[in-house]
Every structure is written in structure tokens, then in C-alpha cells.
Amino acid sequence: MKISLREIPQGRKRFLKAKNLEDIHNWLSHLAEIKNILSLHSNFQIVGNQVYFEVVSKDSTPQMMLEVIGVPIPLERYALSLIDTANCTSLIYQFSDINLFNSDFEGLLETSWNLYEEVTKGVSERPGSKLLEFFHIVLNDDKIELHFFRQKDYIQK
């Protein structure tokens, strides 16, 4: 199976991550709640209109994240955490046949895991390459992308 990926360098980013997303099907309500907390109780500003879901394992619920800029404040009482990511290389897969209007999360997660496993096999065949053990499902308007992250190899630097 040939998978078409774009490879892009990604700069440092800051995300707010929802610690508990009990009902993935109700993500729009969770998103509205997070945006309300940001506007009323923080100095953060949302960057862009993407919604990120970090997927760590097949058994766990994806965690919703928003990219932000601003001065950190304590967020524990809002069940949010602040995540800073370093510069890295991202491999991006654009779903061409799936969009927000004709997909469900169970099918999207299953397809995403299958793609992750295929990409992991392909990347690991290249010496000194490895993918990190998580990926992001990125909702951007009506488009859906998968972002895989290449592990830095400090020995090569």
C-alpha cells in the first residue's frame, strides 16, 4: 500500500490539552467549553481554527487540544494542561475521501491506527528513523489530516 505523505518542518508550538474528554462524540460541546474558559479566565489566544486530537493508544480516548499563544496561567482547576512541543519533522497525511460530514470517530480512529502502523513500518525500514508513539488527528474546517512525528536522532546532529 502506497501512502502519500508530506514532510514539513514544524516549529515550536504550545497547546492547551483537555485532560478528560469522556464522550468523544460530544467534542463540539467540549470545544465550546474550552473556548469559553480561554476567553473568560486566561490571556491565551487560539492560533488558527484547527482542533487537534492526540491519540496515544488504541485503548485510550483521544485528548482534544487547541494551539495557543500567550502567558501561562494555572489551568488545573479547569481540567486543562499546557503542552509545549519542540521543533520537529511532521509527516502529514491528508484524508481525501473522509470529511467531518460523512465520518464517525470509531471509523476514523480505526483507519488512523491502520495508517499509523503502515507508516511506522515504512519509516522504520530507513536507518536512523522512527516515529513517535502518538499521532494527531487534525480537524481543519471540513478537512481531516493525520500528523505523525519523526523522533529526533541526536547522534546524527
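Residues numbered from 1 in each chain as written. Predicted model: local features only at pLDDT ≥ 70, side-chain atom pairs only at ≥ 80, totals over all residues. Heavy atoms only, no water.

### Some details on the packing of aromatic side chains
All chains considered together, the criterion is met by 10 aromatic pairs. For the ring pair Phe-53 and Phe-105, a centre distance of 5.3 Å and an interplane angle of 70 degrees mean the geometry is edge-to-face. Remark: Phe-105 occurs in helix α2 (residues 105–124) and Phe-53 occurs in strand β4 (residues 50–55); sequence separation between them is 52 residues. Comparing Phe-53 with Phe-105, the two get one shared label, buried. Residues Phe-135 and Phe-148 carry aromatic rings whose centres are separated by 5.9 Å and whose planes lie at 55 degrees to one another, so their mutual orientation is tilted. Of this pair, Phe-135 sits in strand β8 (residues 131–140) while Phe-148 sits in strand β9 (residues 143–150); the two residues are 13 residues apart in sequence, bridging distant segments of the chain. Judged by its relative accessible area of 1%, Phe-148 is buried. By way of ring pairs, the aromatic residues Trp-113, Tyr-116, Phe-135 and Phe-148 are connected into one cluster. (Phe/Tyr/Trp six-rings, centres within 6.5 Å; stacked < 30°, edge-to-face > 60°. Helix = DSSP H or I, 4+ residues; strand = E, 2+ residues; numbered from the N terminus. Buried < 20%, exposed > 50% of the residue type's maximum accessible area, 1.4 Å probe, protein only.)

### Observations concerning the side chain of Glu-54
By secondary structure assignment, the location of Glu-54 is in strand β4. Judged by its relative accessible area of 11%, Glu-54 is buried. In this structure the side chain of Glu-54 is engaged in a polar contact, spanning 2.6 Å, whose partner is the side chain of Lys-17. With sequence-adjacent residues up to four places away left out, Glu-54 is seen in contact with Lys-17, Pro-62, Gln-63, Met-65, Phe-134, Phe-135 and His-136. (Polar contact = N/O pair within 3.5 Å; in protein donor to acceptor, adjacent residues only side chain to side chain. Contact = heavy atoms within 4.5 Å.)

### Some points on the pairing of strand β5 (residues 63–69)
For β5, the buried fraction is high: 5 of the 7 residues fall into the buried class. Sheet topology places strand β2 (residues 13–18) next to β5; 3 bridges connect them, and they run antiparallel. Across the sheet, the residue bridging to Leu-16 is Leu-66, located in β5. Where strand β3 (residues 45–46) meets β5, 2 bridges bridge the pair, whose relative direction is antiparallel. Opposite Ile-46, over in β5, you have Val-68 as the bridge partner. When β4 meets β5, the two strands line up antiparallel, connected through 3 bridges. Bridge pairing in β5 places Tyr-52 opposite Met-65. (Pairing = 2+ DSSP bridges.)

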